[in-house]
Amino acid sequence: MYTRCRVCAGKVREFLDLGNQPTANGFLLPEEVDRERTFRLAVGVCDECAMVQSIEDVAPGVRYHSGYAYHASGSAGHRQYFARQAQRMLATELAGRSPFIVEIGCNDGVLLEHVAAAGVRHLGVEPSTAVAELARRKGVQVVTEFFDERTAAAIRAGHGPADVIFGANTVCHIARIDSLMRGVAELLTPGGVFIFEEPYLGTVIEGRAFDQIYDEHDFYFSVTSVHAMAQRFGFDLVDAEHTPLHGGEIRYTLARAGTRTPRPAVAHLLRDEQVRRLSAPETLDRFGTHVRRVRDDLVTLLRDIRDRGERVVGYGAPGKCSTVTNYCGIGTELVPFVCDSTPAKQGRLVPGSHIPVRAPEAFADPYPDYALLFAWNHADEIMAKEQRFQQSGGRWIRYVPEVRVD
Ligand code: DWN
Ligand code: SAH
Ligand code: ZN
């Protein structure tokens, strides 16, 4: 159990306990149920540097392996977004002579495939072998390793320093963030940038996205906590901007201390977080009260629907679906199955709650009365695709920021 901050060794105060939970992407075959392990899922905030972090550690090898089920290219919205991010970096930080980019957690190559197509030197670092293989098939260079100071040194020795180190939804997944930051310091060129975009604490706390809390997310970054972390490891936070994925994230740009003038957005966002008291004890405690109310409202709604003899099907089986079903105690008696477009999840069970995952075709066979939208962050894409469901009288249930039926 962690009571010391992983960034600064300050005291971490726990503010929310979501119970014992499995690893959120550990989709199981029915015969694997007996072997499932659980961990206490609780989060706290550091008194010193305001970093919100998980209390208990799940070993990286338990979470990221050949069976890691998340495929980043599974949504059209995400594919378009990362194509744009790649083009943007190619036109700016990667526009010099023989540039080199390293991506931490490249997954199935959703971003680097565009860098590879442009003929630019790159390397993905991706420990989950099956998704790494998908990236390789797109022409992406990948090493199947966990990024840390040791791998960073090996990459520098083999390829030279990197102009850009990039990570999306991965930096907050690395508990040994001290080793990661030292690795970045080792690998980056003197004028290079470390760019990462990660779930935003503001979205989790103020946007009530409590299902973003699961074992993979060791940190819930804010501009305040990233600013402090950057300084501790010899960097400046030189830019921070809101981005849309996963309900709202922030894209941070770090450069070696004193090498770049921070953009005004950094100071604005820092001030704004202070005014909103984003990481203050009363804000975090209020969040806990809200989460318990959402749980009660959602379970009451699902029981009422069941008692009326109506059907509910889950839509999407994101990692978030493990948190909400396990925390609320939702099993097959309330949600008989969920549909998900990821082949690696189909035919398996949602971790912990053991709700079967089926292909999207099962959704319309026949349509249920209600669809519980676990993949709420993809609402626009999914609702556009499933217009016939609503036209036939079906209704969508959401629970972020609160329980709502449309
Ligand atoms: O941080 C993380 C991010 C990058 O991805 C990881 N820890 C795990 C994962 O988070 P997630 O599982 O919450 O990601 P998504 O993108 O919210 O997952 C959406 C799920 O919904 C996928 O399993 C695909 C599925 N889906 C679907 O069935 N039909 C998605 C769309 C758009 C659809 O039309
Ligand atoms: N970048 C993609 C995928 C994020 S999922 C996106 O934004 O959609 C997180 C990925 O990080 C997984 O593929 C996981 O295997 C990888 N990962 C976890 N720990 C890592 C580490 N220490 N170094 C590199 N990649 C890691
Ligand atoms: Zn701290």
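Residues numbered from 1 in each chain as written. Chains lettered and ligands numbered in written order. Predicted model: local features only at pLDDT ≥ 70, side-chain atom pairs only at ≥ 80, totals over all residues. Heavy atoms only, no water.

Participant: Break down the site of ligand 2 for me, with residues and values.
Facilitator: With respect to spatial proximity, 19 residues lie near ligand 2, and among them Glu 126, Ser 128, Phe 147, Ala 168 and Asn 169 are the closest. Side-chain polar atom of Glu 126 to an oxygen atom of ligand 2: 2.5 Å apart, as the coordinates give it. Between ligand 2 and Phe 147, the relevant distance is 2.8 Å, taken from a nitrogen atom to a main-chain nitrogen or oxygen of the residue. Bound to the protein, ligand 2 loses 97% of the 580 Å² it would expose on its own. The residue makeup of the shell around ligand 2, split by class, is 12 nonpolar, five polar and two charged. (Near = heavy atom within 4 Å. Polar contact = N/O pair within 3.5 Å; in protein donor to acceptor, adjacent residues only side chain to side chain. Areas by Shrake-Rupley, 256 points an atom, 1.4 Å probe, with all protein chains shown as cover. Nonpolar A, V, L, I, M, F, W, Y, C, P; charged D, E, K, R; others polar.)

Participant: Can you break down the pairing of strand 10 (residues 235-243) residue by residue, with the values?
Facilitator: Counted residue by residue, strand 10 has seven buried out of nine residues, so it is predominantly covered. Linking two consecutive strands that pair antiparallel, namely strand 10 and strand 11 (residues 249-256), is a turn of five residues; a positive phi of about 50° is found at His 246 within it. (Buried < 20%, exposed > 50% of the residue type's maximum accessible area, 1.4 Å probe, protein only. Helix = DSSP H or I, 4+ residues; strand = E, 2+ residues; numbered from the N terminus. Pairing = 2+ DSSP bridges.)

Participant: Describe the coordination of the zinc ion (ligand 3), naming the residues involved and giving the relevant values.
Facilitator: Protein-derived coordination of the zinc ion (ligand 3) comes from Cys 5 (SG), Cys 8 (SG), Cys 46 (SG) and Cys 49 (SG), at a distance range of 2.2 to 2.4 Å. Seen from the zinc ion (ligand 3), its four donor atoms lie at angles of 99 to 116°, and the figure they make is tetrahedral. Counting gaps between the donor residues of the zinc ion (ligand 3) yields the pattern C-x2-C-x37-C-x2-C. Note that Cys 5 is positioned in the segment before strand 1 (12-21) and Cys 49 in the loop between strand 2 (39-46) and strand 3 (52-54), a separation of 44 residues in sequence. The buried category is assigned to Cys 5, whose relative accessible area is 5%. (Donors = N, O, S within 2.8 Å, 3.2 Å for Na, K, Ca; no water. Tetrahedral: all angles 85-135°; square planar, octahedral: opposite > 155°, others 65-115°.)

Participant: Lay out the site of ligand 1 with the relevant residues and their values.
Facilitator: Close to ligand 1 lie 27 residues, the nearest being Glu 216, Gly 319, Lys 320, Asp 340 and Lys 385. A distance of 2.9 Å separates an oxygen atom of ligand 1 from a polar backbone atom of Ser 341. Side-chain polar atom of His 378 to an oxygen atom of ligand 1: 2.8 Å apart, as the coordinates give it. Considered on its own, ligand 1 offers 720 Å² of accessible surface; in the complex 96% of this is hidden by protein. Looking at the shell around ligand 1 element by element, the count peaks at three residues for helix 12 (residues 379-385). Counted by class, the shell around ligand 1 contains eight nonpolar, 13 polar and six charged residues. Counting only domains with at least three residues in the shell around ligand 1, you end up with domain 2 (72-276) and domain 3 (282-405). (Domains from an automatic or database assignment.)

Participant: I'd like a rundown of unusual backbone geometry, residues and numbers included.
Facilitator: The peptide bond linking Asp 365 to Pro 366 adopts the cis configuration, its omega dihedral lying at -10°. For Pro 366, the location among the structural elements is in the loop between strand 14 (357-358) and strand 15 (370-373). Look at the link from Val 400 to Pro 401: it is a cis peptide, with omega at 0°. Looking at the element boundaries, Pro 401 is found in the loop between strand 16 (395-398) and strand 17 (404-405). Phi at Ser 98 takes a positive value of approximately 45°, unusual for a residue other than glycine. Mapped onto the secondary structure, Ser 98 falls in the loop between helix 2 (76-91) and strand 4 (100-104). Residue classification places Ser 98 among the exposed residues on the basis of a relative accessible area of 52%. A positive phi angle, close to 50°, is found at His 246, a residue other than glycine. Here His 246 is to be found in the loop between strand 10 and strand 11.

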